[in-house]
Amino acid sequence: MANPGHSGRPTRSMSELAERLRRESRRLTGPRQAILEVLRQHRRPLSNKEILELLPGDCDLATVYRAMHLLRRLGLVQRYDLGDGVARHELLAPDDDGHHHHLVCRRCARVVELEDCGLAAFEESLVARSGFTQVTHRLEFFGVCPDCQRAG
Ligand SMILES: [Zn+2]
Ligand SMILES: [Zn+2]
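Residues numbered from 1 in each chain as written. Chains lettered and ligands numbered in written order. Predicted model: local features only at pLDDT ≥ 70, side-chain atom pairs only at ≥ 80, totals over all residues. Heavy atoms only, no water.

With that settled, consider the coordination of the zinc ion (ligand 2). Protein-derived coordination of the zinc ion (ligand 2) comes from His99 (NE2), His101 (NE2), Cys117 (SG) and His137 (NE2), at a distance range of 1.9 to 2.2 Å. Here the zinc ion (ligand 2) is ringed by four donor atoms whose angles at the metal span 97 to 119°, and the overall shape comes out tetrahedral. Mapped onto the sequence, the donors of the zinc ion (ligand 2) take the spacing H-x1-H-x15-C-x19-H. (Donors = N, O, S within 2.8 Å, 3.2 Å for Na, K, Ca; no water. Tetrahedral: all angles 85-135°; square planar, octahedral: opposite > 155°, others 65-115°.)

Read across the sheet, three strands follow the order S5-S4-S6 without closing on themselves; strand pairing throughout is mixed. In this open sheet, the two edge strands, each paired with only one partner strand, are strand S5 (111-114) and strand S6 (141-143). Each adjacent strand pair in this sheet contributes to an overall mean axis angle of 20°, direction not counted. With three bridges joining them, strand S4 (residues 101-105) and S6 adopt parallel strand pairing. Of the residues in S6, the one forming a bridge with Val104 is Phe142. (Pairing = 2+ DSSP bridges. Helix = DSSP H or I, 4+ residues; strand = E, 2+ residues; numbered from the N terminus. Axes fitted to C-alpha atoms, helices over the stretch in contact; angles between N-to-C directions.)

Looking at soluble globular proteins, one finds that nonpolar side chains tend to be buried together. In terms of nonpolar packing, the biggest core is built from 19 residues, with Ile35, Leu36, Leu39, Ile51, Met68 and Leu71 touching the most fellow members. Looking at this core, the elements with two or more residues in it are helix H1 (14-23), helix H2 (30-41) and helix H4 (61-73). The dominant element in this core, judged by the number of residues it contributes, is H4, at five residues. Each residue touching Ile35, except ones within four places of it in the same chain, is listed here: Ile51, Leu55, Thr63, Val64, Ala67 and Met68. (Core = buried A, V, L, I, M, F, W, Y, C linked by side-chain atoms within 4.5 Å. Buried < 20%, exposed > 50% of the residue type's maximum accessible area, 1.4 Å probe, protein only. Contact = heavy atoms within 4.5 Å.)

Set out below in structure tokens:
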């Protein structure tokens, strides 16, 4: 159910990402390439500040912000709000609609991705009861991870 490393999920190759940008008449600039590399290597929702800290060369927050805005518009990343008011982004795998939930440790902010949603039946009953269509949801879970429990 939980997959902390995300290692099993496919990701996009850098050439595929470059091709997506090219199709939108956007160049894969140095900073954009470095940001995409960070997102490819860290398969969890990252804030702009975290991305900036993981970037090897000279970059600034405004560049990261603009790059994430572009990537979101192109549907290459999914934005998550994990309850602290900070926007985080995660690279979307091909054919992934980005719909999954996260379990966040309240103490160390470690994020575990939950692969199963489990709310399809509830959503269906909501549609039946309310008369709403195109119902979606956002939901994140919070707790204390095993490492932090051991640390007391
Ligand atoms: Zn923890
Ligand atoms: Zn769900």
